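Commentary on secondary and tertiary structure
Single-letter residue listing:
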Amino acid sequence: MEIKEEGASEEGQHFLPTPQANDTGDFQFTSIQKTPNEPQLEFILACRGLSRPARDRGRRPREPNALVQVSVAQPAAPGPTRYASTEVVEGTRDPLFLTGVTFPSEYPIYEETKIKLTVYDVKDKAHDTVQISVLPERQDPPPEAGRSFLGYASFTVGELLRSKEQLLALSLRTSDGGKVVGTIEVSVVKMGEIEDGEADHVTTDVQGQKCALVCEWSSFKSSSSKGEKTLEFVPINLHLQRMHVHSPHLKDALYDVITVGAPAAHFQGFKNGGLRKLLHRFEMERRNTGYQFIYYSPENTAKAKEVLSNINQLQPLIATHADLLLNSASQHSPDSLKNSLKMLSEKTELFVHAFKDQLVRSALLALYTARPGGVPKKPPSPKSSADDSCPQDAPPLVGRQDSIPHHSDYDEEEWDRVWANVGKSLNCIIDMVDKLIARDGASEGGGGSSKDGEKDASPVDPITAHPKEDWYEQLCPLICALKDCMGEVVNRAKQSLAFVLLQELAAGLPQCLMLTLRRDVVFSQALAGLVCGFIIKLHTSLHDPGFLQQLHTVGLVVQYEGLLSTYSDEIGMLEDMAVGISDLKKVAFKIIEAKSNDVLPVITGRREHYVVEVKLPARMFEVLPPPVREGQLLHVHPVLFNVGINEQQTLADRFGDVSLQESINQENFELLKEYYAVFMEKMPPDYISHFQEQNDLKGLLENLHQNIQAKKRKNVEIMWLAATICRKLNGIRFTCCKSAKDRTSMSVTLEQCSILRDEHQLHKDFFIRALDCMRREGCRIENVLKNVKCRKYAFNMLQLMAFPKYYRPPEGTYGKADT
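For clarity, every value in this text was computed on a predicted model and none was experimentally measured.

1. Considering the overall build of the chain
- Assigned secondary structure in the chain consists of 21 helices and 24 strands.
- A total of 819 residues make up the chain; the buried ones form 48% of that total.
- Within the chain, counting contacts between residues at least 6 apart in sequence, those at least 24 apart form 74% of the total.

2. A word on unusual backbone geometry
- Phi is positive for glutamate 165, which is not a glycine, with a value near 55°.
- Structurally, the position occupied by glutamate 165 is in the loop between helix 1 (157-162) and strand 11 (167-173).
- A positive phi angle is found at glutamine 761, which is not glycine, with a value near 55°.

3. Some remarks on the packing of aromatic side chains
- Taken as a whole and judged by the stated rule, the model has 16 aromatic pairs.
- Ring centres 6.2 Å apart and planes at 70° place the aromatic pair phenylalanine 679 and tyrosine 687 in the edge-to-face group. For the pair shown, phenylalanine 679 and tyrosine 687 are each scored as buried.
- Ring geometry for phenylalanine 767 against tyrosine 806: centres 6.0 Å apart, planes inclined by 90°, an arrangement best described as edge-to-face. With phenylalanine 767 in helix 19 (residues 767-777) and tyrosine 806 in the segment after helix 21 (797-801), this residue pair connects regions lying 39 residues apart in the sequence.
- Using a relative accessible area of 33% as the deciding quantity, one classes tyrosine 806 as partly exposed.
- Put simply, the rings of Phe43, Tyr83, Phe103, Tyr107 and Phe155 pair up and form one aromatic cluster.
- Directly above the ring of tyrosine 152 sits lysine 116, whose terminal nitrogen or CZ lies 5.3 Å from the centroid.

4. Focus on the side chain of lysine 537
- Within the secondary structure, lysine 537 is located in helix 8 (residues 509-540).
- Here lysine 537 is in contact with Phe547, Leu556, Asn730, Gly731 and Ile732, once residues within four sequence places are set aside.

5. With respect to the pattern of salt bridges
- Applying the stated criterion across every chain yields a total of 24 salt bridges.
- Across the pair aspartate 121 and arginine 62 runs a salt bridge, and its minimum N-O distance is 2.6 Å. Residue aspartate 121 is found in strand 8 (residues 114-122), and its partner arginine 62 is found in the loop between strand 4 (41-48) and strand 5 (66-73); the two are separated by 59 residues along the sequence.

6. So, helix 3 (residues 298-330)
- In this model, helix 3 (33 residues) spans 49 Å end to end at C-alpha, consistent with the 48 Å of a helix rising 1.5 Å per residue.
- Two residues or fewer after helix 3 comes histidine 332, characterised by a positive phi angle close to 55°.

7. Observations regarding the environment of arginine 52
- On the secondary structure map, arginine 52 appears in the loop between strand 4 and strand 5.
- In this structure, the C-alpha to C-alpha distance between arginine 52 and asparagine 65, residues 13 residues apart in sequence, is 9.5 Å.
- Ignoring anything within four residues of it in the chain, the contact list for arginine 52 reads Arg62, Glu63 and Arg93.
- Of the polar contacts made by the side chain of arginine 52, one reaches the side chain of glutamate 63; its length is 3.0 Å.

8. Observations regarding the pairing of strand 6 (residues 81-85)
- Taken across its five residues, strand 6 has four buried, putting it largely inside the fold.
- Relative to strand 6, strand 5 runs antiparallel, the two sharing four bridges. Following the sheet pairing, serine 71 is matched in strand 6 by arginine 82.

9. Regarding the nonpolar core
- Judged by nonpolar contacts, the single largest core of 52 residues is most densely connected at Phe641, Leu672, Phe679, Leu704, Ile725 and Leu729.
- Leucine 729 has contacts with Gln550, Val557, Leu672, Tyr675, Phe679, Phe691 and Leu697, leaving out every residue within four places of it along the chain.
- Counting 51 residues, the second largest nonpolar core, distinct from the first, contains Ala526, Val531, Leu542 and Leu556.

10. Regarding the packing of helix 17 (residues 717-728) against helix 18 (residues 743-759)
- Running from N to C, helix 17 and helix 18 cross one another at 65°; their axes reach a closest spacing of 12 Å. Pair helix 17 / helix 18 crosses with right-handed handedness. Contact residues: helix 17 offers Trp720, Ala723, Arg727 and Lys728, while helix 18 offers Leu750, Glu751, Ile755 and Glu759.
- Residue classes in the contact of helix 17 with helix 18 are distributed as four nonpolar, no polar and four charged.

11. Regarding the side chain of glutamate 561
- Within the secondary structure layout, glutamate 561 lies in strand 19 (residues 556-562).
- Owing to a relative accessible area of 2%, glutamate 561 belongs among the buried residues under this scheme.
- A polar contact of 2.3 Å, which involves the side chain of glutamate 561, links it to the side chain of serine 747.
- The residues contacting glutamate 561, other than those within four sequence positions of it, are Phe641, Met719, Arg733, Phe734, Thr735, Cys736 and Ser747.

12. Re the state of the cysteines
- By the definition in use, this model includes zero disulfides.
- You can see cysteine 753 has no disulfide; the closest cysteine sulfur is in cysteine 773, sitting 8.7 Å from it.
- Among the residues examined, cysteine 753 registers a relative accessible area of 0% and is labelled buried.

13. Focus on the pairing of strand 18 (residues 253-259)
- Counting buried positions along strand 18 gives five out of seven residues, so the element sits mostly inside the fold.
- Bridge count for strand 17 (residues 239-246) against strand 18 is seven bridges, and the pairing is antiparallel. Within strand 18, the residue paired with histidine 244 across the bridge is leucine 254.
- Linking strand 17 back to strand 18 in an antiparallel pair, the connection comprises six residues.

14. Observations regarding the confidence of the model for the chain
- In the predicted model, the chain carries a mean pLDDT of 79, and the fraction of residues at 70 or more is 77%.
- Segment residues 373-389: pLDDT under 50, and 35 contacts once partners within four positions in sequence are set aside and those in other chains are kept.
- The low-confidence segment residues 447-468, where pLDDT is below 50, has nine contacts with residues more than four positions distant or belonging to other chains.

15. With respect to helix 20 (residues 779-788)
- Among the 10 residues that make up helix 20, eight are buried, leaving the element largely enclosed by the rest of the structure.
- Of all the positions in helix 20, only Cys779, Arg780, Ile781, Asn783, Val784, Lys786, Asn787 and Val788 are classed as buried.
- Of the residues flanking the end of helix 20, it is lysine 789, one or two places downstream, whose phi is positive at about 60°.

16. Some thoughts on the environment of alanine 253
- Secondary-structure assignment places alanine 253 in strand 18.
- In this view, alanine 253 contacts Met243, His244, Val245 and His760; residues no more than four positions away in its chain are not counted.

17. Some thoughts on the environment of proline 104
- By secondary structure assignment, the location of proline 104 is in the loop between strand 7 (101-103) and strand 8.
- On the basis of relative accessibility, which here comes to 27%, the residue proline 104 falls in the partly exposed class.
- In this structure, the C-alpha to C-alpha distance between proline 104 and leucine 41, residues 63 residues apart in sequence, is 7.1 Å.

Reading guide: rules and limits
- Residues numbered from 1 in each chain as written.
- Predicted model: local features only at pLDDT ≥ 70, side-chain atom pairs only at ≥ 80, totals over all residues.
- Heavy atoms only, no water.
- Helix = DSSP H or I, 4+ residues; strand = E, 2+ residues; numbered from the N terminus.
- Buried < 20%, exposed > 50% of the residue type's maximum accessible area, 1.4 Å probe, protein only.
- Contact = heavy atoms within 4.5 Å.
- Phe/Tyr/Trp six-rings, centres within 6.5 Å; stacked < 30°, edge-to-face > 60°.
- Lys NZ or Arg CZ within 6 Å of the ring centre and 35° of its normal.
- Salt bridge = Lys/Arg side-chain N within 4 Å of Asp/Glu carboxyl O.
- Expected span 1.5 Å × (residues − 1).
- Polar contact = N/O pair within 3.5 Å; in protein donor to acceptor, adjacent residues only side chain to side chain.
- Pairing = 2+ DSSP bridges.
- Core = buried A, V, L, I, M, F, W, Y, C linked by side-chain atoms within 4.5 Å.
- Axes fitted to C-alpha atoms, helices over the stretch in contact; angles between N-to-C directions.
- Left-handed = near helix turned anticlockwise from the far one by under 90°.
- Nonpolar A, V, L, I, M, F, W, Y, C, P; charged D, E, K, R; others polar.
- Disulfide = S-S within 2.5 Å.
- pLDDT = per-residue confidence, 0-100.

Given below as structure tokens:
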């Protein structure tokens, strides 16, 4: 039997999701790859004491919205060319710009190269976005395009390089070179080779403000870097641990585990706990300060977002289908009219159904109570008879409400009437279409008998005597009434649901923003590991029909093994990790065919729902089941089981509180049991029968439940059972501790030896020898070296006395090391 351990090398290709804030404050993710070409010069800019812009007529003076345009003039060139510009920093005379200026290695730059910096005040941001281009400077937009000139300064590259600490403070002057209107500071961030010299990486501090904001996005974050601000979105020590077992008598086998530091906001710290505790406290504070705002639960807030999304999707669709109905009427085409009516009816029924939730009704009352206004103008409902039929000449008309009524005048049933008017208007349209088609059929029948010279003795309806009556004129008022009713519903619903969403912000915006940032940091780290694990699992199981069927039928279970203690800072880490892993339920995968050599994943979406597009070459894409090739979203089911094993957990077991670990394990057991139930229900019977013959999942789940309920100290059997269940369910395995270096190494090597013993007949006499060999010589000790430049696990003898027996490394492999 031959065993190979494989791990990702630092020089290999890595990818990681890089967060970028969009206009709404939500984070979008794109994949990046480190390139070998280093920039030869990078600098960042900051202004001090900018003059206020000229006062606009009839307005009070304001602080400038500053933007810096960078132009470059070469020694032999006739004039400067526009090269780049920063972002706009609003409302301050001392802006610090996050957008640096980078000159790549291939760009011609010399000590004599002159750089001109022009500062503008931006009135309209639509005219000024960050751009990197080389254009003649005369093509700058004129001042009237939305910005006004404040001042300029210039310097040569040589002056910047020779300056003290490679920082220049330049006076900004007006266009005539006279009046000083402020100062601009230029700080070198990164230098490559220029002329004959070579400079090291420089990070500067501009008057107390850290400027390490423009840096290399690194492909590896070591354990010693987990507290760095610039790397807080990057996962810690992310690696694939693969064991390849080869036997001359049995089929080769691969066993993969992703090892990564627990996703947590290390830079922000854990003084006040982690996300699980902070979110709970935030919710309780919101509930207990109800006199300042109206409390809506997270479920109600999510429902409000869902209804608003449905409104925004359905309203334009209904309007489009209504116009198509009128177009069919103008063409006097019965078949086209029926098809258009069918589509209109389906979308309108979905629209009406979206408002059945009581949230809109209660939010309207709350809104009207909170904002007293004028007397309500109740819109007239469609005129109808007892059976709600609509006369041809009396289409329903709805007038818009101009002001929000005082709550004492508000009729709670008014919303029900306004909402029901949409359905009534649709019924009027359906009735009219049926009548028009019926009359058209009757007139065609009468016309045919007159052609044959036959006389119809029955009296003729005067309406049917006009076979070419104008259908458009008959339907147009009804369509207009439907649109008016729908517009009134949308107007009121958007007001009320926006009111619901604003209550969440009113609860404490600064605290909410900090929690959101923390959650984004933790989620980004967890997402990077998940994407890595999913792609690896997909590639290794691509020719397994059972796996592919499971992938699009029930999704994949993703099992995280946590080794954090419930003591001191690691409590906060575990609270962060639990929320970050739970948030992965919002992620879905979509597999597409790669159209080029670029196969890096692309991540899109918003906080409530992300889609990761995984690209496969054509030959691999072709073996996927049709639903997957057609773009079906593939879901994951994350679960976390944690058992602390170190000396701090000993203190927690004896003197502290282990309820966090117990509740996490119990909650995630229920999730795992739910997944198993769906798996057994939805997978094909022939697959299930074979699966049950090979695996006793039910027994393993019962055993896992008993061990969780036992509340035994350092019960590592929970870890072994959860890992076994995950492997038998074709899941993705993760092992995590604080830095994925020491405790993780002990757990992963123990898992590998246990697999060799249980699945590949490793003799019990060789178990400890194999375990020590993997810890002394395998890729785990290389991982330690990669992180801390030392081949020593960060344990001492006293710590190891508290570890479970099989989690202790061999002599000579541990000692003092900086983690």
